[in-house]
Amino acid sequence: MHEFLGRCKRQAVRRVWLEGRASNDQGIGFYLNSGFTKNGRRKAFYSGPGEDALTMSLTLDDFIEKAR
């Protein structure tokens, strides 16, 4: 994740967004530990089985400051 975010920063990306299944506690924990914050929920985003998605984002300036 650190390498990916570093590449994004070098390419002048300012913010990274993602979504994941609301039940994916391990994945959500990984992203939170990587500096992402929860932004919202997309109701019934996934099908088979139906489930909400959590949206998360990371401002890369925040990521660089935390990495120092």
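Residues numbered from 1 in each chain as written. Predicted model: local features only at pLDDT ≥ 70, side-chain atom pairs only at ≥ 80, totals over all residues. Heavy atoms only, no water.

### Things to note about the overall build of the chain
Here's step 1: On a plain count of helices and strands, the chain comes out with three helices and three strands.
Here's step 2: From first element to last, N terminus to C terminus, the chain shows the α and β order α-β-α-β-β-α.
Here's step 3: Sorting the 68 residues of the chain into buried and exposed places 29% on the buried side.
Here's step 4: In the chain, of all internal contacts separated by at least 6 residues, the share reaching a separation of at least 24 is 55%.
Here's step 5: When the accessible surface of the chain is totalled, it reaches about 4,800 Å², and 49% of it is carbon and sulfur. (Helix = DSSP H or I, 4+ residues; strand = E, 2+ residues; numbered from the N terminus. Buried < 20%, exposed > 50% of the residue type's maximum accessible area, 1.4 Å probe, protein only. Contact = heavy atoms within 4.5 Å. Areas by Shrake-Rupley, 256 points an atom, 1.4 Å probe, with all protein chains shown as cover.)

### Re the pattern of salt bridges
Here's step 1: Under the defined criterion, the tally for this structure stands at seven salt bridges.
Here's step 2: Notably, a salt bridge pairs E3 with R7, separated by 3.1 Å at the nearest N-O pair. Here E3 pairs with R7, and both are found in helix α1 (residues 2-10), just four residues apart, close to one helical turn.
Here's step 3: Look at E3 and you get partly exposed, because its relative accessible area is 46%.
Here's step 4: Its relative accessible area of 53% is what places R7 among the exposed residues.
Here's step 5: Residue E3 pairs with R10 through a salt bridge whose shortest N-O separation is 3.5 Å.
Here's step 6: Note on R10: relative accessible area 60%, which makes it exposed.
Here's step 7: Residues participating in the shared-partner salt-bridge network are E3, R7 and R10. (Salt bridge = Lys/Arg side-chain N within 4 Å of Asp/Glu carboxyl O.)

Note that every value here comes from positions in space, so none of it alone points to a role or purpose.
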